[in-house]
Amino acid sequence: MKPNLSILLIVILFFLSQQTFSQNKTVTDSDIKLVAKEIMNSGITCALITVDKDGAPRARTMDPFSVGDDFIVWLGTNSQSRKVQQIKDNPRVTLYYLNKESSGYVVIDGVASLVNDQKSKDAYWKESWKSFYSETRENYLLIKVTPNWMEILSPPNMIFNDPITWQPPIIVFDSID
């Protein structure tokens, strides 16, 4: 009698998922944060998702600065862009970072604020952006995203989602004032 290949595959996947779930229990919040920073800082871009006046999500590719231990994300934009008004109307945003080589990702749920002081703008500037902004950089504005929570998936680092609900590990941040 020939074994049914699909049943064998289902059994193997079940045991692998159980092993994966048990491996998640040994991963600490510190481990998760370290891997999240690696994913966030290794990519060139991320997606910023805002909500428009009709309540529809709007995603766009952004060129973020490296993230530090506080996971505050800084982004530059044109002060006349649609996202600026969307953030004024609803500061709750989502950032999505993808590491396509490892099928890993980080999602940040946070609150965006618009920063227009010259000292901050000088600190968060990339020379590669010169052609996007006027010579005086008057239309250059910063977006500061303060995280509420973050979720992460990184199979190479043994950070997996729940095998039943597919919920990835979540880190909740203390409110930053």
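Rules of the game
- Residues numbered from 1 in each chain as written.
- Predicted model: local features only at pLDDT ≥ 70, side-chain atom pairs only at ≥ 80, totals over all residues.
- Heavy atoms only, no water.
- Core = buried A, V, L, I, M, F, W, Y, C linked by side-chain atoms within 4.5 Å.
- Buried < 20%, exposed > 50% of the residue type's maximum accessible area, 1.4 Å probe, protein only.
- Helix = DSSP H or I, 4+ residues; strand = E, 2+ residues; numbered from the N terminus.
- Contact = heavy atoms within 4.5 Å.
- Pairing = 2+ DSSP bridges.
- Arc of directions from axis to C-beta.
- Phe/Tyr/Trp six-rings, centres within 6.5 Å; stacked < 30°, edge-to-face > 60°.
- Lys NZ or Arg CZ within 6 Å of the ring centre and 35° of its normal.
- pLDDT = per-residue confidence, 0-100.
- Expected span 1.5 Å × (residues − 1).

**Quick word on the nonpolar core**
Alright, step 1. Leu75, Leu95 and Val106 are the most contacted members of the largest nonpolar core, which totals 27 residues.
Alright, step 2. Mapped by element, the contributors of at least two residues to this core are helix H2 (29–42), strand S1 (46–51), strand S3 (73–78), strand S4 (92–99), strand S5 (104–115) and strand S6 (140–153).
Alright, step 3. Sequence-distant contacts of Leu95, that is, excluding residues within four places in its chain, are made with Cys46, Ala47, Leu48, Val73, Leu75, Val106, Val107, Ile108 and Val145.
Alright, step 4. Core analysis: the next-biggest nonpolar cluster, separate from the first, contains 9 residues, Phe65, Ile72, Trp74 and Tyr133 among them.

**Some thoughts on the pairing of S6**
Alright, step 1. Of all the 14 residues making up S6, 11 are buried; the element is thus mostly covered by neighbouring parts of the structure.
Alright, step 2. Strand direction decides the pairing type here: S3 and S6, joined by 6 bridges, are antiparallel. Residue pairing across strands places Thr77 opposite Leu141, the latter belonging to S6.
Alright, step 3. Sheet topology note: the S5/S6 ladder contains 11 bridges and is antiparallel. The residue of S6 that forms the bridge with Asp109 is Trp149.
Alright, step 4. Note that S6 and strand S7 (residues 170–172) share 3 bridges and pair antiparallel. Within S7, the residue paired with Trp149 across the bridge is Val172.

**Some thoughts on the environment of Val111**
Alright, step 1. Here Val111 is to be found in strand S5.
Alright, step 2. Each C-alpha atom of the pair Val111 and Val145 lies 5.4 Å from the other, and the pair is 34 residues apart in sequence.

**Observations regarding helix H3 (residues 82–89)**
Alright, step 1. Among the residues of H3, those classed as buried are Lys83, Val84, Gln86 and Ile87. Burial along H3 is one-sided: seen end-on, the buried residues are contained in an arc of 165°. In H3, those exposed residues whose orientation departs by more than 90 degrees from the buried face are Arg82, Lys88 and Asp89.

**Side note on the packing of aromatic side chains**
Alright, step 1. Taken as a whole, this structure holds 11 aromatic pairs when the rule is applied.
Alright, step 2. A ring pair is formed by Trp125 and Trp129, whose centres lie 6.0 Å apart and whose planes are at 90°; its orientation type is edge-to-face.
Alright, step 3. By relative accessible area, which is 7% here, Trp129 ends up buried.
Alright, step 4. Grouping aromatic residues by their ring pairs yields a cluster made of Phe65, Trp74, Tyr124, Trp125, Trp129, Tyr133 and Tyr140.
Alright, step 5. Between the NZ or CZ atom of Lys126 and the centre of the ring of Phe65, over which it lies, the distance is 4.9 Å.

**A look at the confidence of the model for the protein chain**
Alright, step 1. Here the protein chain averages 87 in pLDDT, while 84% of its residues score no lower than 70.
Alright, step 2. This model gives residues 8–24 a pLDDT under 50, and the stretch forms 11 contacts once residues within four places in sequence are excluded.

**Side note on H2**
Alright, step 1. The terminal C-alpha atoms of H2 lie 20 Å apart, and with 14 residues this matches the ideal 20 Å at 1.5 Å per residue to within 8%.
Alright, step 2. As for H2, its buried residues are in contact with S3, S4, S5, S6 and S7.

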